[in-house]
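Structure assessment
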Amino acid sequence: MPRRNAVTWNALIKGYAQAGRREEAILLFRDMKREGSHVAPDRYTFPALLSGIGREGGSGRTLELGGALHAHVIKAGLERDPFVGASLVSLYAARRTLEDAKVAFDQVGSSDPIVWSSMISAYVNCEEEEGALLIFFNMLCQDIKPTQFVYSTVFSVCGRMGILEMGKQVHAHSLKSNTEKDAAIFNALLTMYSDCGCINDAQKVFSSNDCVNVISYNSMISALGQHGYPKEALEHLRQMKFAGLMPDEVTLLNLISSFNHAGLVHEGLQMFNSMVDIEGIKPMYQHYACVVDMLARSGEIGKAMKTINEMPFEAEAPLWRIVLGACSKHRDIETG
């Protein structure tokens, strides 16, 4: 190209970053800076680079690159830009360095909900659920309208912590706000009520959802299975097919798990054996592990061992522990 500007450089850098070619994206960034001030990195350059680095986790080299890019952001005077700030927070969240994420968040000082959403996700990623809730309430105190993603994240936190009353309050707030409800927010809400032991409330959320998808059915089937309702879970599979939605690997794993929890070994094996022939789904390691667990729990240790030996995967330590525990429970000393 006879003339290149920031837009063309950004497009190329973003392409390399999204393709996982991080080193080449960094080299392009260096070459861009050498072009002169007329193509200086802008608010679209840094998010592309930061997202590419963030996907690689927290190795030493990644930490250095993240810090160096943060310094370039400050030199370019973009540390207060919400778009760049959210990318920095997300990078540090992926690296699980919460203090650095706080610094980036404080530097932005923005009322942009995306920045706040990134900070909430950073706390969740670092397993600081109480901090995530505190950020959410600070967000409300500043009259910043939460996004769908924020509500979904907070619902998940409330479910994980088992704080039903707070979950209900957040649910009420989401109903009062004009935030558009999508499948993700309904599924997170459904899972929250299920995790808090309120299966009837979870069912109400599912029934009120006008945008149900495969994930919605999977969430409901999982909730019913965990609470000991395998027949109702199976009925939801029938409803799912009637609605024209095809079950996936997660659907069948949730169903086999529900039969496992209820001690319905025959039904669980029947579902597992029908995966390929009827549903056209190839069993994964998790499906075999669930079947082994189901057989071992019921005392069918020989069949559990046979399943392990025949499955096309190498058994990992947790699976052997399940069988060993069953041997102890059922006094099968020889196999143990």
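Summary of the structure given here. The shown structure was predicted, so the numbers you read here are calculated from the model rather than taken from an experiment.

**Observations concerning the overall build of the protein chain**
- Within the protein chain, the secondary structure is distributed over 19 helices and zero strands.
- Taken along the three principal axes of its C-alpha coordinates, the protein chain extends 75 × 45 × 40 Å.
- Counting all 336 residues of the protein chain, 45% fall into the buried class.
- Within the protein chain, residue pairs in contact and separated by at least 24 positions form 60% of the contacts whose partners lie at least 6 positions apart.
- Of the accessible surface of the protein chain, which amounts to about 17,500 Å², a share of 53% is contributed by carbon and sulfur atoms.
- Placing the 32 positive and 38 negative side-chain charges of the protein chain at their respective mean positions leaves the two points 4 Å apart.

**Thoughts on the packing of helix α16 (residues 265-279) against helix α17 (residues 285-297)**
- Axis separation between α16 and α17 bottoms out at 10 Å; the angle between their running directions is 160°. For the element pair α16 / α17, the angle class is roughly antiparallel. Crossing geometry of α16 relative to α17 is assigned as left-handed. Side by side, α16 and α17 meet where V265, G268, L269, F272 and M275 of the first sit next to H287, Y288, V291, M294 and L295 of the second.
- Among the residues forming the contact of α16 with α17, the class breakdown is eight nonpolar, two polar and no charged.

**Comments concerning the side chain of N10**
- For N10, the position within the fold is in helix α1 (residues 6-18).
- The class for N10 is buried, based on a relative accessible area of 8%.
- Looking at N10, its side chain comes within polar contact range of the side chain of T45, at 2.5 Å.
- Beyond its immediate chain neighbours, meaning those up to four positions away, N10 contacts M32, D42, Y44 and T45.

**Some words on the environment of R80**
- Mapped onto the fold, R80 is located in the loop between α4 (60-75) and α5 (82-94).
- Placed 25 residues apart in sequence, R80 and F105 show a C-alpha to C-alpha distance of 9.0 Å.

**Points about the packing of aromatic side chains**
- Applying the stated criterion across every chain, the model contains ten aromatic pairs.
- Between F29 and F46, the aromatic rings sit 5.7 Å apart at their centres with planes inclined by 65°, giving edge-to-face as the arrangement. You can see F29 sitting in helix α2 (residues 22-34) and its partner F46 sitting in helix α3 (residues 45-54), a full 17 residues away along the chain. Here F29 matches F46 in class, with each residue buried.
- Ring centres 6.0 Å apart and planes at 85° place the aromatic pair Y285 and F313 in the edge-to-face group. Here the residue Y285 occupies a position in helix α17, and F313 occupies one in the loop between α18 (301-310) and α19 (317-329), the gap between them amounting to 28 residues.

**Regarding α17**
- End to end, α17 covers 18 Å across 13 residues, agreeing with the expected 18 Å (1.5 Å per residue, within 8%).
- Most of α17 is tucked away: eleven of the 13 residues are buried.
- Along α17, the residues that are buried comprise Y285, H287, Y288, A289, C290, V291, V292, D293, M294, L295 and A296.
- Of the surrounding secondary structure, the elements contacted by the buried residues of α17 are α15 (249-262), α16, α18 and α19.
- Backbone geometry just after α17 places G299 at a positive phi near 90°.

So, how was this worked out
Residues numbered from 1 in each chain as written. Predicted model: local features only at pLDDT ≥ 70, side-chain atom pairs only at ≥ 80, totals over all residues. Heavy atoms only, no water. Helix = DSSP H or I, 4+ residues; strand = E, 2+ residues; numbered from the N terminus. Buried < 20%, exposed > 50% of the residue type's maximum accessible area, 1.4 Å probe, protein only. Contact = heavy atoms within 4.5 Å. Areas by Shrake-Rupley, 256 points an atom, 1.4 Å probe, with all protein chains shown as cover. Lys, Arg positive; Asp, Glu negative; His and termini not counted. Charge placed at Lys NZ, Arg CZ, Asp CG, Glu CD. Axes fitted to C-alpha atoms, helices over the stretch in contact; angles between N-to-C directions. Parallel < 35°, antiparallel > 145°, perpendicular 65-115°, else oblique. Left-handed = near helix turned anticlockwise from the far one by under 90°. Nonpolar A, V, L, I, M, F, W, Y, C, P; charged D, E, K, R; others polar. Polar contact = N/O pair within 3.5 Å; in protein donor to acceptor, adjacent residues only side chain to side chain. Phe/Tyr/Trp six-rings, centres within 6.5 Å; stacked < 30°, edge-to-face > 60°. Expected span 1.5 Å × (residues − 1).

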